[in-house]
Amino acid sequence: MMKLRFSWLGVVTFFILMITIAPFLVIIPSSFTSANFVSFPSEGLSLKWYTGMMNMPGLLEAVVFSLQLATVTAILSTGFGIFAGLCIAKYNFKGKQTINTLLLSPLALPSLIIGIALLVYFTYLGLAGSFTGLLLAHVLITIPYVIRFVLTGMATFDDNLEKAAAILGAKPTRTFWDVTFPLIRSAVVSGAVFSFLISFDNVTISLFLVSAESMTLPLMIFNYIQQNLSPLISAVSTMVILLSLIPIIILEKVYGLDRLFGLNSNSH
């Protein structure tokens, strides 16, 4: 008979896990309540709040807008992030550490400060309240994640593979697509996924730059709970959770968790 052994590491891990999933244990069950107010534990069982989402003004438009914004943000951030990450990882040049610090600085600066600064700057440029301004802001805060993942992928990269390709006559573009990119693909995918999710879920930066015609889903939820905290918002929040999990689940099936999050960045 196997004896159970007490472990402080296991206890700490359990509490961290409970803290992590606690919001899900509250929001998701409360979206199925039959009561007219958010309660935990839920009172009764009903799907009326999910059917009620269909009549929520502006919900579909906010979902579509957020998905479009997050998709374009992920594409641009991944493109720029790959270029910047490869330059930092492969080349030595004057001011390299300073440039690297500046590129990663949005990770350290408070989102509130970034939002205020961008509002002032974009107002001067005439971009405040526009899709372009909001897109540039989201790209600014997501590029660092792509760069970090690319740098992680390049940490164990063997430069001799590129040299061998060059010796065999491959041009730089061909070398990148046939040699470099396949080896860092999992890191790039991880960066793209994080860029999409961070853009899709962002509130602080978007709060300063959206207009009435370009309302993101997280901001719509934020504005709604200022006036009414009904189980309808729990149903919408549950939908957001599912939309956020879908990309990770799909990519986990394709790549596996180790490759998706760069734990084995050199695997094919």
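What you are looking at is a predicted structure, and each value in this text was computed from that prediction instead of being measured. (Residues numbered from 1 in each chain as written. Predicted model: local features only at pLDDT ≥ 70, side-chain atom pairs only at ≥ 80, totals over all residues. Heavy atoms only, no water.)

**What about the pattern of salt bridges?**
The full count for this structure, using the stated rule, is 2 salt bridges. Arg-174 is paired through a salt bridge with Asp-178; the nearest N and O atoms lie 2.2 Å apart. Note that Arg-174 and Asp-178 are positioned in helix α8 (residues 172-201) at a spacing of 4 residues, about one turn of the helix. Residue Arg-174 is classed as exposed on the basis of its relative accessible area of 54%. On the basis of relative accessible area, Asp-178 is assigned to the partly exposed category, the value being 44%. (Salt bridge = Lys/Arg side-chain N within 4 Å of Asp/Glu carboxyl O. Helix = DSSP H or I, 4+ residues; strand = E, 2+ residues; numbered from the N terminus. Buried < 20%, exposed > 50% of the residue type's maximum accessible area, 1.4 Å probe, protein only.)

**Focus: the packing of aromatic side chains**
Using the criterion set out here, one finds 10 aromatic pairs in the structure. Aromatic side chains Phe-65 and Phe-131 sit 5.8 Å apart centroid to centroid with 80° between the ring planes, which places their arrangement in the edge-to-face category. With a gap of 66 residues between them, Phe-65 in helix α3 (residues 59-90) and Phe-131 in helix α6 (residues 131-154) connect regions that are remote in the sequence. Accessibility expressed as a relative area gives 34% for Phe-131, which makes it partly exposed. Put simply, the rings of Tyr-145, Phe-149 and Phe-194 pair up and form one aromatic cluster. (Phe/Tyr/Trp six-rings, centres within 6.5 Å; stacked < 30°, edge-to-face > 60°.)

**Some thoughts on the confidence of the model for the chain**
Of the residues in the chain, 93% have a pLDDT of 70 or more, and the chain-wide mean is 83. Low confidence marks residues 262-268, where pLDDT is under 50. Its contacts with residues over four positions away, or in another chain, come to 20 contacts. (pLDDT = per-residue confidence, 0-100. Contact = heavy atoms within 4.5 Å.)

**Section: the nonpolar core**
One finds Met-53, Met-56, Leu-59, Leu-217 and Val-236 to be the most contacted residues of the largest nonpolar core, which totals 23 residues. Of all the secondary-structure elements, those providing two or more residues to this core are α2 (48-52), α3, α8, α10 (217-227) and α11 (231-255). Considering every element that reaches this core, the biggest residue donor is α11, with 6 residues. Those residues in contact with Met-56 that lie beyond four places of it in its chain are Met-220, Tyr-224, Leu-232, Ile-233 and Val-236. Within the second largest apolar cluster, 19 residues are counted, among which are Ile-88, Leu-118, Leu-134 and Ile-143. (Core = buried A, V, L, I, M, F, W, Y, C linked by side-chain atoms within 4.5 Å.)

**Observations concerning the environment of Ser-66**
Looking at the secondary structure, you find Ser-66 in helix α3. Taking the C-alpha atoms as reference, Ser-66 lies 25 Å from Ser-105; in sequence the two are 39 residues apart. Discounting chain neighbours no more than four positions away, the residues touching Ser-66 are Phe-200, Thr-216, Leu-217 and Pro-218. Side-chain polar atoms of Ser-66 contact the backbone nitrogen of Leu-217, separated by 2.7 Å. (Polar contact = N/O pair within 3.5 Å; in protein donor to acceptor, adjacent residues only side chain to side chain.)

**Quick word on the environment of Leu-67**
Along the chain, Leu-67 falls in helix α3. Residue Leu-67 is classed as partly exposed on the basis of its relative accessible area of 30%. Along the backbone, Leu-67 and Leu-243 are 176 residues apart, and their C-alpha atoms lie at a distance of 9.5 Å. With sequence-adjacent residues up to four places away left out, Leu-67 is seen in contact with Phe-196 and Phe-200.

**Looking at the side chain of Thr-180**
Along the chain, Thr-180 turns up in helix α8. Classification of Thr-180 as buried rests on a relative accessible area of 2%. Discounting residues that sit within four places of it in the chain, Thr-180 has contacts with Leu-86, Phe-157, Glu-162 and Thr-175.

**Quick notes on the packing of helix α4 (residues 96-104) against α6**
For the pair α4 and α6, interaxial distance at closest approach is 8 Å and the crossing angle is 130°. Accordingly, the angle class assigned to the pair α4 and α6 is oblique. Touching Asn-100, Leu-103 and Leu-104 of α4 are Pro-144, Ile-147, Arg-148 and Leu-151, all from α6. Split into classes, the residues belonging to the contact of α4 with α6 amount to 5 nonpolar, 1 polar and 1 charged. (Axes fitted to C-alpha atoms, helices over the stretch in contact; angles between N-to-C directions. Parallel < 35°, antiparallel > 145°, perpendicular 65-115°, else oblique. Nonpolar A, V, L, I, M, F, W, Y, C, P; charged D, E, K, R; others polar.)

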